[in-house]
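Survey of secondary and tertiary structure
Residues per chain are reported as follows:
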Amino acid sequence: MSKYSLTSLIRHGLTGHRGWKPAWRHPEPKAEYDAVIVGGGGHGLATAYYLAKNHGTTNIAVLEKGWLGGGNTGRNTTIVRSNYLLDGNAKFYEHGMKLWEGLSQDLNYNVMFSQRGVLNLAHSKGQLETFRRRGNAMRLNGIDAEILNRDDVAKFVPAMDTSPNTRFPIEGGLLQPRGGSARHDAVAWGYARSADQRGVDIIQNCEVTGIRRDQNGVLGVETSRGYIATKKIGLAVAGHSSQLAAMADVRLPIESHVLQAMVSEPVKPVLDTVVTFGAAHLYVSQSDKGELVMGGDIDGYNSFAQRGSLAVIEHVTTCLVALFPQFSRLRILRTWGGIMDMTTDGSPIIGTTPVPGLFLNGGWCYGGFKATPASGWVFAHTLATGQPHALNAELSLDRFHTGRVLDEKGAGPYPWLH
Amino acid sequence: MILITCPHCGPRQESEFTYGGDGANARPAAPEDVDDAAWIDYLHLRDNHKGPHDELWQHVQGCRRWLQVRRDVVTHQVISCHVLSADIADLADSADMVEGER
């Protein structure tokens, strides 16, 4: 497999770009693997990559029922940040941020990671004080955080209405300068290509329909392409974690909800950072193509339909126009939905399950995309050693039984409120 | 937009309602008598069915009643809607009301 570089680009350019080879193979599933990862999104592919790279485990397969990155990896709003309050989350996401910073070079694949900053807006002194608390907690964990006053915000986002006459006047904000966005598809493709190069079998159009096990643990998976034996199964199927876990009689603290996202028609560069408006719930950034990419709350009811209601789209666009009145003339180009694993404390689950050999990576709520590298890193460690990494020790499934939940918002055990 | 036929108010759009979660998740009648595992089961664990799902909605911008709704979470089609009641006989009555509204 050739390395992507300027010289390879020139060489292929001279031959009319007819010599490029597929970025990964399409192997037939083998009868047995050392480990099987279910789910060919960013998390599953990253797990396979780090299993091969960090742990030398290459006799593994990634099983995907559709196509790579066709689920939530290709449906999110591509925001990357690590601005968390609680230690269990902050250290994990910050490890991810450090991986993001070298990811394009590591994968030899341009994931278009752009550290354009993530700005959380505050609209009252009280809200700004809670941001100051979170910012201080972040700094204590070695994460960059800056508190901005209203004038700073006006300078940082000149396109936004920061006048005192708006419906929700801006008091200030919490900025993470190293936050930003990345190209979501490229993340899946980059991990797939690099995992494939290291010998991982990526098998698409292969749906897992059952998990075979005995009293000692898992034996293998039933799939739409036949039975595959393995002693280790890693589930990375957020949105459908409950369904896969149920195949091994494991119940999870998860409800599936639909989260919508949308883009406007493309315009010239006007917004060079990520703005989040938590008081009403909007997050918006501008893609390299020029579209405004935005999202808001989940619709708020259990759903497995990858579409939601107009009410949320109206809410999100109303928020957008409140902050950026000039965007009122833009038209929405398309909207879509993805299915979120919403946990009862709003934090993800990565770790072991009550079934020996069955490992879970899920419960990502809204926040899975930014976690992709860190998630793959620690889940690979968990699969390889059978024990959680220090960075995902607090993200265990049994925290719901021990009471050590990670509830960033303090919303209580109501998945639709996180 | 989900259309919920409130037994009391008739067909109304979902934005008039707030969601109350899994309606099949019953709170232990005597929480002090159950062990931790049973309590955690109630508090955190969900069946999260893909298909028909029993859930609670409150008609906050209408009659303010709590409703027991059966809805397909894949198609968003509302299959049935009753006024929430501990008394099964009341359920039958409210089912008649739904028919009457149609």
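Here, the structure is the one placed above.
Residues numbered from 1 in each chain as written. Chains lettered and ligands numbered in written order. Predicted model: local features only at pLDDT ≥ 70, side-chain atom pairs only at ≥ 80, totals over all residues. Heavy atoms only, no water.

1. Here we look at the overall build of chain B
Using the following cut-off: Numbering of helices and strands runs from the N terminus, with a helix taken as a DSSP run of H or I at least four residues long and a strand as a DSSP run of E at least two residues long. We call two residues in contact whenever any of their non-hydrogen atoms come within 4.5 Å of each other. For every accessible area listed, the method is Shrake-Rupley and the probe measures 1.4 Å; residues are considered covered only by the protein chains on display.
Each helix and strand in chain B was counted, giving two helices and six strands. Listing each helix as α and each strand as β along chain B from the N terminus yields β-β-β-α-β-β-β-α. A fraction of 44% describes how many contacts in chain B between residues 6 or more apart in sequence connect residues 24 or more apart. Of the roughly 5,500 Å² of accessible surface on chain B, 49% is carried by carbon and sulfur atoms.

2. Some words on the sheet that holds strand S3 (residues 18-22) of chain B
Backbone-to-backbone hydrogen bonds pair the strands of a sheet. The strands run either parallel or antiparallel. All names here are of chain B. Note the following rule: Pairing between strands requires that DSSP locate at least two bridges from one strand to the other. In this description, a line fitted to the C-alpha atoms serves as the axis of each element, helices being fitted only across the stretch in contact, and the angle between N-to-C directions of two axes falls anywhere from 0 to 180 degrees.
Read from one edge to the other, the open sheet built from four strands follows the order S3-S4-S5-S6, with strand pairing classed as antiparallel. The sheet terminates laterally at S3 and strand S6 (78-83), the two strands that pair on one side only. The average angle at which neighbouring strand axes cross in this sheet is 30°, direction not considered.

3. Overview of the interface of chain B and chain A
Where we set the bar: Accessible surface is computed with a 1.4 Å probe, and the buried area is the amount of it that two parts give up when combined, taken over both parts together. A pairing counts as a salt bridge when a side-chain nitrogen of Lys or Arg comes within 4 Å of a carboxyl oxygen of Asp or Glu. The term polar contact refers here to a pair of N or O atoms within 3.5 Å; inside protein, the definition further demands a hydrogen-donor-capable atom paired with an acceptor-capable atom, and it admits residues adjacent in sequence only when both atoms are side-chain atoms. Any residue outside Ala, Val, Leu, Ile, Met, Phe, Trp, Tyr, Cys, Pro, Asp, Glu, Lys and Arg is labelled polar, Gly included; the first ten of those are nonpolar and the last four are charged.
With 25 residues of chain B in contact, the opposing surface of chain A contributes 25 residues. For the chain B and chain A pair, buried surface summed over both sides reaches about 2,300 Å², with 52% attributable to carbon and sulfur atoms. It is His44(B), Arg46(B) and Asn48(B) in chain B that bury the most area against chain A; as a group they hold 28% of the surface buried on that side. Our count for the chain B to chain A interface comes out at three salt bridges. At the surface where chain B touches chain A, the tally comes to 15 residue pairs in polar contact (both at pLDDT 80 or more). Of the residues belonging to the side of chain B that touches chain A, the class tally is nine nonpolar, eight polar and eight charged.

4. Quick look at the packing of aromatic side chains
Under the convention used in this document: Each Phe, Tyr or Trp ring (for Trp, its six-membered ring) is paired with any other whose centre lies within 6.5 Å, and the angle between the two planes then decides the class: stacked below 30 degrees, edge-to-face above 60, tilted in between. The buried label goes to any residue with under 20% of its type's maximum accessible area, the exposed label to any with over 50%, and the partly exposed label to all in between, with areas taken from a 1.4 Å probe on protein chains only. Two thresholds decide whether a charge sits over a ring: the Lys NZ or Arg CZ must be within 6 Å of the ring centre and within 35 degrees of the ring normal.
Per the counting criterion, the structure on display carries 19 aromatic pairs over all chains. Relative to Tyr191(A), the ring of Tyr50(A) lies with its centre 5.7 Å away and its plane at 65°, an arrangement referred to as edge-to-face. Pair noted here: Tyr50(A) is in helix H2 (residues 42-55) and Tyr191(A) is in helix H7 (residues 184-197), with a separation of 141 residues, a long-range link. Taken as a pair, Tyr50(A) and Tyr191(A) share a single burial class, namely buried. On the basis of an interplanar angle of 90° and a centroid distance of 6.4 Å, the ring pair of Phe17(B) and Trp57(B) is categorised as edge-to-face. You can see Phe17(B) sitting in the loop between strand S2 (10-13) and S3 and its partner Trp57(B) sitting in strand S4 (residues 52-58), a full 40 residues away along the chain. Given a relative accessible area of 6%, Phe17(B) falls into the buried group. Through a chain of ring-to-ring contacts, the aromatic side chains of Tyr301(A), Tyr414(A), Trp416(A), Phe17(B), Tyr19(B) and Trp57(B) assemble into a single cluster. Between Arg167(A) and the ring centre of Phe168(A), over which it is positioned, the NZ or CZ distance is 4.6 Å. Over the ring of Tyr227(A) we find Arg212(A), and its NZ or CZ is 3.7 Å from the ring centre.

5. Points about unusual backbone geometry
For Asn108(A), which is not glycine, the phi dihedral falls at a positive 55°. Structurally, Asn108(A) can be placed in the loop between helix H4 (103-107) and strand S4 (118-122). Even without glycine at this site, Asn48(B) takes up a positive phi of about 55°. Among the structural elements, Asn48(B) can be located in the loop between helix H1 (36-44) and S4. Residue Asn48(B) is classed as buried on the basis of its relative accessible area, which comes to 1%.

6. Considerations on the pairing of S4(B)
Residues and elements named next belong to chain B. Most of S4 sits inside the fold, with five of its seven residues counted as buried. Here four bridges tie S3 to S4, and the two strands are oriented antiparallel to one another. The partner of Asp22 across the bridge, within S4, is Glu55. Judged from the seven bridges that link them, S4 and strand S5 (residues 66-72) form a sheet pairing that is antiparallel.

7. Observations regarding the packing of H2(A) against H7(A)
Residues and elements named next belong to chain A. Counted only if it meets this: For classification, angles of less than 35 degrees are called roughly parallel, those exceeding 145 degrees roughly antiparallel, those between 65 and 115 degrees roughly perpendicular, and all remaining angles oblique. Each crossing gets its handedness from the near helix: less than a right angle anticlockwise from the far helix is left-handed, clockwise is right-handed.
It is the contact of H2 with H7, at a shortest axis distance of 8 Å, that shows an interaxial angle of 30°. Judged by the angle between their axes, H2 and H7 are roughly parallel. As for the relative orientation of H2 and H7, their crossing is left-handed in sense. Contacts between H2 and H7 pair Gly42, Leu45, Ala46, Ala48, Tyr49 and Tyr50 from the former with Ala188, Tyr191, Ala192, Ser194 and Ala195 from the latter.

8. A word on the pairing of strand S11 (residues 226-229) of chain A
Residues and elements named next belong to chain A. Two strands pair when backbone bridges link them, and strand S10 (residues 217-223) and S11 are joined in this way by four bridges, in the antiparallel orientation. If you follow Gly220 over to S11, its bridge partner there is Ala229. Adjacent in sequence and paired antiparallel, S10 and S11 are bridged by two residues.

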